[in-house]
Amino acid sequence: MSVFLSIVVPVYNEEESILLCYEKLVQVFSVYEKTVEFIFIDDGSRDKSYSILKNLSVKDSRVKCIQFSRNFGKEAAMSAGFDFCSGEYVCQIDADLQDPPELIPEMIALAQQKELDVVYGVRTKRDGETRLKKITSFLFYKLIARISSIDIPEHTGDFRVMTKEVVMAIRKLKETQRFMKGLFAWVGFKQEGFYYERNSRSAGKTKFNYVKLWNFAIEGITSFTNVPLKLATYVGFFFACFSFCLAVFYILKYFLYGDRFQGFLTLIVAILFIGGIQIMFLGIIGEYLGRIYFESKNRPLYLVKNKVIDTSASKID
Ligand code: UDP
Ligand code: MG
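The number of helices and strands found in the protein chain is ten helices and eight strands. Taking 2.2 N^0.38 as the reference for a compact globule, 317 residues should give roughly 20 Å; the C-alpha atoms of the protein chain span a radius of gyration of 25 Å, well beyond that estimate. Of the roughly 17800 Å² that the protein chain leaves accessible, carbon and sulfur atoms contribute 61%. Computed over 41 positive and 35 negative side-chain charges, the inter-centroid distance for the protein chain is 5 Å.

Below, the structure is given as structure tokens:
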């Protein structure tokens, strides 16, 4: 029987949350008339997550699971979910129940009613997140909106419902460094936000720390804009003009007033300043170069170790 809705759940060390998540999903969809499948992607968990998932798949044929050979990251896990799903509609949701599954039917209804291709969750309240995380994420979205040509809606996470067509479009994007929110913005289609309140985690701890979030932010920026590279040209140009004017000024001063400019310290400060800027831009160029390097290897996004899923209906290309 063809599947109407695929629910894609990335899982990384979630032994405490999986059952809660599964039970909640079952409860929500117990009264749903259409066929649903639950696809869990175990992103190389080191705890019992996969054996829990396997047991679930034995009990409930709607549960499919895929196990990665190691931790490839949430973006890879979601991509695998998109590769293996077969529904007319696909929903992605975290395993920790921060995004309420009971909203999924409403989101699908909205998509059908307004003929939307993507309905993405927009958080009106973000429980369980520190102030610093809220401020930094606010600044990040402002910055990326300003310096890139794509428009990533603010306060969105990875809770969304989309049509098969959008999933097909996402499958076509083969880049290994995947900034999913950006990819969703990039593919276009008719999209609309769905406002909801985000809860704290049901159990377990967040898998993201500030180092991961920083790398995520750099990923987002370097994947969608080369403005930082252009900035080097403008900053360089600015300093060249500035130093030229300064030189003219001191030459005139010398000829008009016989003043000689002195100051060892100022010289050191200026050299360090310009040197710092140069090294910073070398770093920025390095970021882009590194990405080209990894992209040119053309490695697969993820490797599957085990799976309990019939791929004939879904896959791929
Ligand atoms: N996750 C994953 N791979 C990772 C990190 C996280 O599949 O390397 C999953 C995790 O199990 C959860 C979702 O991604 O289902 C969101 O993770 P988390 O709740 O830790 O992120 P936060 O909500 O704090 O942004
Ligand atoms: Mg979470």
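Protein-derived coordination of the magnesium ion (ligand 2) comes from D96 (OD) and Q98 (OE1), at a distance range of 1.9 Å. Assigned by exposure class, D96 and Q98 land together as buried.

It is worth spelling out unusual backbone geometry at this point. A positive phi angle, near 60°, is found at L97, a position not held by glycine. Its identity as a non-glycine residue notwithstanding, F189 has a phi of 70°, on the positive side. Examined against the element boundaries, F189 turns out to sit in the loop between α7 (180–187) and β7 (191–198).

Turning next to the nonpolar core. Ranked by size, the top nonpolar core spans 40 residues in total, and within it I41, F68, F82, M162, I170 and Y302 carry the most contacts. Every element with two or more residues in this core is listed here: β2 (36–42), β3 (63–68), α3 (74–84), β5 (118–126), α5 (131–147), α6 (164–172), α7 and α8 (210–224). For this core, the leading source of residues is α3, giving six residues. Counting 37 residues, the second-largest nonpolar core is a separate cluster that includes I7, F38, F40 and V119.

What follows concerns α8. If you check α8, its first and last C-alpha atoms are 21 Å apart, about what 15 residues at 1.5 Å a residue would give, namely 21 Å. Buried within α8 we find A217, I218, E219, G220, I221, T222 and F224. Lining the buried residues of α8 we find α5, α7, α9 (227–257) and α10 (264–297).

On to the pairing of β3, then. Counting buried residues along β3, six of its six residues qualify, which places the element largely inside the surrounding structure. In this fold, β2 hands off to helix α2 (residues 49–59), which returns the chain to β3; that crossover is right-handed. Where β3 and strand β8 (residues 304–308) come together, four bridges link them in antiparallel fashion. The partner of Q67 across the bridge, within β8, is N306.

Attention shifts here to α3. The buried fraction of α3 amounts to eleven of the eleven residues, a majority that puts the element mostly inside the structure. Buried within α3 we find K74, E75, A76, A77, M78, S79, A80, G81, F82, D83 and F84.

Right, let's talk about the pattern of salt bridges for a bit. This model, assessed by the stated rule, comprises eleven salt bridges. For K24, the salt bridge is made with E102, and the minimal N-O distance between the two is 3.5 Å. Placement of K24 in helix α1 (residues 18–29) and of E102 in the loop between β4 (89–92) and α4 (104–114) is noted, with a sequence separation of 78 residues between them. Residue classification places K24 among the partly exposed positions, given a relative accessible area of 25%. Residue D60 pairs with R62 through a salt bridge whose shortest N-O separation is 3.0 Å. A relative accessible area of 9% means that D60 is categorised as buried. Judged by its relative accessible area of 27%, R62 falls in the partly exposed class. Through salt bridges with shared partners, one network takes in K74, D94, D158 and R160.

Thresholds, definitions, all that
Residues numbered from 1 in each chain as written. Chains lettered and ligands numbered in written order. Predicted model: local features only at pLDDT ≥ 70, side-chain atom pairs only at ≥ 80, totals over all residues. Heavy atoms only, no water. Helix = DSSP H or I, 4+ residues; strand = E, 2+ residues; numbered from the N terminus. Rg over C-alpha atoms; globule rule 2.2 N^0.38 Å. Areas by Shrake-Rupley, 256 points an atom, 1.4 Å probe, with all protein chains shown as cover. Lys, Arg positive; Asp, Glu negative; His and termini not counted. Charge placed at Lys NZ, Arg CZ, Asp CG, Glu CD. Donors = N, O, S within 2.8 Å, 3.2 Å for Na, K, Ca; no water. Buried < 20%, exposed > 50% of the residue type's maximum accessible area, 1.4 Å probe, protein only. Core = buried A, V, L, I, M, F, W, Y, C linked by side-chain atoms within 4.5 Å. Expected span 1.5 Å × (residues − 1). Contact = heavy atoms within 4.5 Å. Right-handed = clockwise from strand over helix to strand, strands pointing away. Pairing = 2+ DSSP bridges. Salt bridge = Lys/Arg side-chain N within 4 Å of Asp/Glu carboxyl O.

Read these as spatial facts, not as claims about activity.
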